[in-house]
Amino acid sequence: NAGVTQTPKFRILKIGQSMTLQCTQDMNHNYMYWYRQDPGMGLKLIYYSVGAGITDKGEVPNGYNVSRSTTEDFPLRLELAAPSQTSVYFCATTSGGSLNEKLFFGSGTQLSVL
Amino acid sequence: GQQLNQSPQSMFIQEGEDVSMNCTSSSIFNTWLWYKQDPGEGPVLLIALYKAGELTSNGRLTAQFGITRKDSFLNISASIPSDVGIYFCAGVNRDDKIIFGKGTRLHILP
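Presented here is a report on the structure given in the accompanying data block. Being a predicted model, the structure only gives us computed values, none of them experimental.

What follows concerns the overall build of chain A. Regarding its fold elements, chain A presents 0 helices and 11 strands. For chain A, the α and β elements follow one another from N to C terminus as β-β-β-β-β-β-β-β-β-β-β. Since a compact globule built from 114 residues should have a radius of gyration of about 13 Å, the 13 Å found for chain A is in line with a globular shape. Looking at chain A as a whole, 45% of its 114 residues are labelled buried. Taking the contacts inside chain A whose residues are at least 6 apart along the sequence as the reference set, 55% of them involve residues at least 24 apart. Accessible surface, chain A: about 5300 Å² in total, of which carbon and sulfur atoms supply 51%. Distance between charge centroids for chain A: 8 Å, based on 9 positive and 8 negative side chains.

See below:
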């Protein structure tokens, strides 16, 4: 039982490149989230999904896209990478009930845009 | 938007000391959560609080949900080296949105 798995662990992009951050969970949770964590800051919600086929914007969605074709996978897409997107990205899930409670986090993807 | 003020930003303590950190806001929250993040890992939930005045323990950790519903604190007793990390408070508001504090970095001096 792996929980929440994120790949890659680290990535360096050039400005304007695109990439997809992968997130998969084997906990059969309906709710999935993408957060970014900037140095010395708390977690900011980018996008979330309450189930397959449903996605919603969070606090800081600009520059990102998501899809949720299956319960297990919730990839985050950066189309035109910018230096402001340098951050650590965390995927998280919850089992349901209260929307945001008891988040289970992946181990993160550290992204640098140069 | 709603903000959580978490203090202190960082702490340097000796092993065996007790630790206290808190989180305050001008807004009311329905749930308070405390997470710990180890280096290179995602945050892990330590304690969840659901009622004003509630005091909950998890081993050497104790957290309280403030009576005004605008604050919470976390205490760690008899700190050990594995307590090192970043501690985040988080509040869940009436819209079921979670707001995170900026974290308290705990360092333990040898």
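Taken residue by residue, the interface counts 18 residues in chain A and 17 residues in chain B. For the chain A and chain B pair, buried surface summed over both sides reaches about 1500 Å², with 55% attributable to carbon and sulfur atoms. The interface formed by chain A and chain B holds 6 residue pairs in polar contact (both at pLDDT 80 or more) in total. Those elements that provide at least two residues to the side of chain A that touches chain B are β4 (31-37) and β5 (43-51) of chain A.

We now examine the packing of aromatic side chains. The full count for this structure, using the stated rule, is 10 aromatic pairs over all chains. On the numbers, 5.6 Å between centres and 85 degrees between planes, the contact of Tyr-35 of chain A with Phe-100 of chain B is edge-to-face. Of this pair, Tyr-35 of chain A sits in strand β4 while Phe-100 of chain B sits in strand β10 (residues 98-100), placing the two residues on different chains. What makes Tyr-35 of chain A buried here is its relative accessible area of 1%. For Phe-100 of chain B, a relative accessible area of 9% corresponds to the buried category.

What follows covers the pattern of salt bridges. Residue and element names in this part refer to chain B. All told, the structure shown has 5 salt bridges over all chains when counted by the stated rule. Between Asp-83 and Arg-60 there is a salt bridge, and its shortest N-O distance comes to 2.8 Å. Of this pair, Asp-83 sits in the loop between β8 (71-76) and β9 (85-92) while Arg-60 sits in the loop between β6 (55-58) and β7 (61-65); the two residues are 23 residues apart in sequence, bridging distant segments of the chain.

Turning our eyes to something else, we now look at the sheet that holds β8 of chain B. Residues and elements named next belong to chain B. On the basis of which strands lie adjacent, the open sheet formed by 5 strands has the order β1-β3-β8-β7-β6 and antiparallel pairing. Among the strands making up the open sheet, the edge pair consists of β1 (5-7) and β6. The sheet shows a mean angle of 15 degrees between the axes of neighbouring strands, taken without regard to direction. Of the strand pairs in this sheet, β7 and β8 are connected by 5 bridges, and their pairing is antiparallel. Bridge assignment links Thr-62 to a residue of β8, and that residue is Asn-75.

Once that is clear, we can look at the state of the cysteines. One way to say it: the disulfide is the covalent bond shared by the sulfur atoms of two cysteines. Residue and element names in this part refer to chain B. Following the criterion strictly, the structure yields 2 disulfides over all chains and no others. Residue Cys-23 pairs covalently with Cys-89 via a disulfide, S to S 1.7 Å. Here Cys-23, found in strand β3 (residues 19-24), pairs with Cys-89, found in strand β9; they are 66 residues apart in sequence, far enough to count as distant. Across the pair, exposure class does not vary: Cys-23 and Cys-89 are buried alike.

Thresholds applied
Residues numbered from 1 in each chain as written. Chains lettered and ligands numbered in written order. Predicted model: local features only at pLDDT ≥ 70, side-chain atom pairs only at ≥ 80, totals over all residues. Heavy atoms only, no water. Helix = DSSP H or I, 4+ residues; strand = E, 2+ residues; numbered from the N terminus. Rg over C-alpha atoms; globule rule 2.2 N^0.38 Å. Buried < 20%, exposed > 50% of the residue type's maximum accessible area, 1.4 Å probe, protein only. Contact = heavy atoms within 4.5 Å. Areas by Shrake-Rupley, 256 points an atom, 1.4 Å probe, with all protein chains shown as cover. Lys, Arg positive; Asp, Glu negative; His and termini not counted. Charge placed at Lys NZ, Arg CZ, Asp CG, Glu CD. Buried area = accessible area lost by both parts, 1.4 Å probe. Polar contact = N/O pair within 3.5 Å; in protein donor to acceptor, adjacent residues only side chain to side chain. Phe/Tyr/Trp six-rings, centres within 6.5 Å; stacked < 30°, edge-to-face > 60°. Salt bridge = Lys/Arg side-chain N within 4 Å of Asp/Glu carboxyl O. Pairing = 2+ DSSP bridges. Axes fitted to C-alpha atoms, helices over the stretch in contact; angles between N-to-C directions. Disulfide = S-S within 2.5 Å.

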